[in-house]
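Reading the structure
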Amino acid sequence: MSTLFSRIIEGEIPGRFVWRDERCAAFLTIAPLRPGHALVVPRQEIDEWTDADDGLLAHLIAVAKQIGAAQKAGFDAPRAGLVIAGFEVPHLHVHVFPAWDIDDFNFDKADRDPDHADLDAAADTLRQALRQAGHGDRVPN
(Lines give C-alpha, C1' and ligand atoms only; values in the text may rest on other atoms or scores of the structure.)
Protein backbone atom coordinates (compact mmCIF):
# COMPACT_ATOMS: atom_id res chain seq x y z
CA MET A 1 0.00 0.00 0.00
CA SER A 2 1.33 3.43 -0.96
CA THR A 3 2.12 6.01 1.67
CA LEU A 4 0.46 9.42 1.66
CA PHE A 5 3.68 10.96 0.34
CA SER A 6 3.98 8.41 -2.49
CA ARG A 7 0.43 9.28 -3.51
CA ILE A 8 1.32 12.98 -3.54
CA ILE A 9 4.50 12.34 -5.57
CA GLU A 10 2.52 10.23 -8.07
CA GLY A 11 -0.12 12.95 -8.45
CA GLU A 12 -2.98 11.00 -6.87
CA ILE A 13 -3.25 13.72 -4.21
CA PRO A 14 -2.50 17.35 -5.04
CA GLY A 15 0.71 18.92 -3.80
CA ARG A 16 2.50 22.25 -4.14
CA PHE A 17 5.77 20.98 -5.61
CA VAL A 18 8.92 23.08 -5.54
CA TRP A 19 11.46 20.41 -6.62
CA ARG A 20 11.42 17.16 -8.58
CA ASP A 21 14.29 14.93 -9.57
CA GLU A 22 14.87 11.23 -10.19
CA ARG A 23 15.42 10.43 -6.50
CA CYS A 24 13.14 12.79 -4.57
CA ALA A 25 10.51 15.49 -4.63
CA ALA A 26 9.86 18.47 -2.41
CA PHE A 27 6.51 20.06 -1.75
CA LEU A 28 4.99 22.40 0.79
CA THR A 29 3.53 20.91 3.93
CA ILE A 30 -0.14 21.51 4.68
CA ALA A 31 0.78 22.42 8.29
CA PRO A 32 3.63 24.92 7.98
CA LEU A 33 5.79 26.19 10.80
CA ARG A 34 6.49 29.23 8.61
CA PRO A 35 5.45 30.19 5.06
CA GLY A 36 7.55 28.20 2.61
CA HIS A 37 7.94 25.15 4.89
CA ALA A 38 8.77 22.27 2.54
CA LEU A 39 9.18 18.53 2.84
CA VAL A 40 11.95 16.75 0.92
CA VAL A 41 10.76 13.19 0.32
CA PRO A 42 12.48 10.28 -1.43
CA ARG A 43 10.52 8.58 -4.18
CA GLN A 44 11.50 5.27 -2.58
CA GLU A 45 9.28 4.38 0.37
CA ILE A 46 11.56 4.24 3.40
CA ASP A 47 10.08 4.53 6.87
CA GLU A 48 12.98 5.97 8.89
CA TRP A 49 16.00 8.03 7.93
CA THR A 50 18.29 5.50 9.59
CA ASP A 51 17.09 2.92 7.05
CA ALA A 52 18.09 5.03 4.02
CA ASP A 53 21.29 4.22 2.20
CA ASP A 54 24.02 6.81 2.62
CA GLY A 55 23.83 8.02 -0.98
CA LEU A 56 20.10 8.70 -0.82
CA LEU A 57 20.38 10.41 2.55
CA ALA A 58 23.21 12.61 1.22
CA HIS A 59 21.05 13.50 -1.80
CA LEU A 60 18.07 14.46 0.38
CA ILE A 61 20.28 16.70 2.53
CA ALA A 62 21.86 18.29 -0.57
CA VAL A 63 18.39 19.08 -1.94
CA ALA A 64 17.30 20.37 1.48
CA LYS A 65 20.36 22.64 1.50
CA GLN A 66 19.36 24.18 -1.85
CA ILE A 67 15.77 24.63 -0.69
CA GLY A 68 16.94 26.14 2.60
CA ALA A 69 19.16 28.64 0.77
CA ALA A 70 16.21 29.58 -1.47
CA GLN A 71 13.96 29.99 1.59
CA LYS A 72 16.46 32.35 3.18
CA ALA A 73 16.59 34.40 -0.02
CA GLY A 74 12.88 34.27 -0.88
CA PHE A 75 11.55 34.95 2.61
CA ASP A 76 14.43 37.12 3.87
CA ALA A 77 15.06 34.68 6.72
CA PRO A 78 18.32 34.67 8.67
CA ARG A 79 18.36 30.86 8.89
CA ALA A 80 16.87 27.74 7.38
CA GLY A 81 15.68 25.10 9.80
CA LEU A 82 16.00 21.37 9.16
CA VAL A 83 14.27 18.60 11.09
CA ILE A 84 13.85 14.89 10.48
CA ALA A 85 11.05 13.90 12.84
CA GLY A 86 9.32 11.01 11.10
CA PHE A 87 6.30 10.52 13.32
CA GLU A 88 3.56 12.00 11.12
CA VAL A 89 3.83 9.77 8.03
CA PRO A 90 5.73 6.46 7.80
CA HIS A 91 7.79 7.72 4.84
CA LEU A 92 11.14 9.44 5.36
CA HIS A 93 10.83 13.22 4.96
CA VAL A 94 13.05 16.17 5.75
CA HIS A 95 11.36 19.35 7.00
CA VAL A 96 13.02 22.53 5.69
CA PHE A 97 11.69 25.95 6.66
CA PRO A 98 12.67 29.61 6.99
CA ALA A 99 13.58 30.35 10.60
CA TRP A 100 14.06 33.49 12.65
CA ASP A 101 14.55 31.93 16.10
CA ILE A 102 14.38 28.66 18.01
CA ASP A 103 10.61 29.00 18.50
CA ASP A 104 10.23 28.35 14.77
CA PHE A 105 11.19 24.71 15.48
CA ASN A 106 8.15 24.14 17.71
CA PHE A 107 5.72 21.86 15.85
CA ASP A 108 2.99 22.76 18.34
CA LYS A 109 2.93 26.17 16.64
CA ALA A 110 2.35 24.78 13.14
CA ASP A 111 -0.52 26.38 11.24
CA ARG A 112 -2.99 23.49 10.94
CA ASP A 113 -5.45 25.50 8.82
CA PRO A 114 -3.42 27.71 6.48
CA ASP A 115 -5.05 29.83 3.81
CA HIS A 116 -4.69 28.11 0.42
CA ALA A 117 -3.84 31.40 -1.28
CA ASP A 118 -1.01 31.91 1.22
CA LEU A 119 0.32 28.40 0.51
CA ASP A 120 0.18 29.08 -3.25
CA ALA A 121 2.02 32.39 -2.80
CA ALA A 122 4.69 30.76 -0.62
CA ALA A 123 5.20 28.01 -3.22
CA ASP A 124 5.57 30.63 -5.96
CA THR A 125 8.09 32.58 -3.87
CA LEU A 126 10.14 29.47 -3.21
CA ARG A 127 10.02 28.29 -6.83
CA GLN A 128 11.18 31.70 -8.03
CA ALA A 129 14.08 31.75 -5.55
CA LEU A 130 15.11 28.24 -6.64
CA ARG A 131 15.02 29.30 -10.30
CA GLN A 132 17.09 32.38 -9.53
CA ALA A 133 19.63 30.13 -7.81
CA GLY A 134 20.00 28.12 -11.03
CA HIS A 135 17.76 25.14 -10.26
CA GLY A 136 15.11 25.79 -12.91
CA ASP A 137 15.52 22.31 -14.36
CA ARG A 138 14.36 20.83 -11.05
CA VAL A 139 11.52 23.28 -10.35
CA PRO A 140 8.10 22.30 -11.70
CA ASN A 141 5.74 24.92 -13.12
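These lines cover the structure that appears in this document, whether it is placed above or below. (Residues numbered from 1 in each chain as written. Predicted model: local features only at pLDDT ≥ 70, side-chain atom pairs only at ≥ 80, totals over all residues. Heavy atoms only, no water.)

A few words on the nonpolar core. Of all hydrophobic cores here, the largest spans 26 residues; its most connected members are Val18, Trp19, Val40, Ile67, Leu126 and Leu130. Sort the elements by how many residues they give to this core and helix α2 (residues 54-75) lands first, with 8 residues. In this view, Leu126 contacts Val18, Leu28, Gly36, Ala38, Ile67, Ala70, Gln71 and Phe75; residues no more than four positions away in its chain are not counted. Listed in part, the 9 residues of the second largest apolar core include Phe5, Phe17, Ala25 and Phe27. (Core = buried A, V, L, I, M, F, W, Y, C linked by side-chain atoms within 4.5 Å. Buried < 20%, exposed > 50% of the residue type's maximum accessible area, 1.4 Å probe, protein only. Helix = DSSP H or I, 4+ residues; strand = E, 2+ residues; numbered from the N terminus. Contact = heavy atoms within 4.5 Å.)

Within this structure, the stated rule accounts for 5 salt bridges. The partner of Glu22 in a salt bridge is Arg138, with the nearest N and O atoms 3.8 Å apart. Of this pair, Glu22 sits in the loop between β1 (17-20) and β2 (24-28) while Arg138 sits in the segment after α3 (116-132), and the two are 116 residues apart along the sequence. For Glu22, a relative accessible area of 56% translates into the label exposed. Residue Arg138 is classed as partly exposed on the basis of its relative accessible area, which comes to 29%. A salt bridge links Asp104 to Arg34, with the shortest nitrogen-to-oxygen separation between them at 2.9 Å. Here Arg34 lies in the loop between β2 and β3 (38-42) and Asp104 lies in the loop between β5 (94-99) and α3, a separation of 70 residues in the sequence. With a relative accessible area of 27%, Arg34 lands in the partly exposed category. (Salt bridge = Lys/Arg side-chain N within 4 Å of Asp/Glu carboxyl O.)

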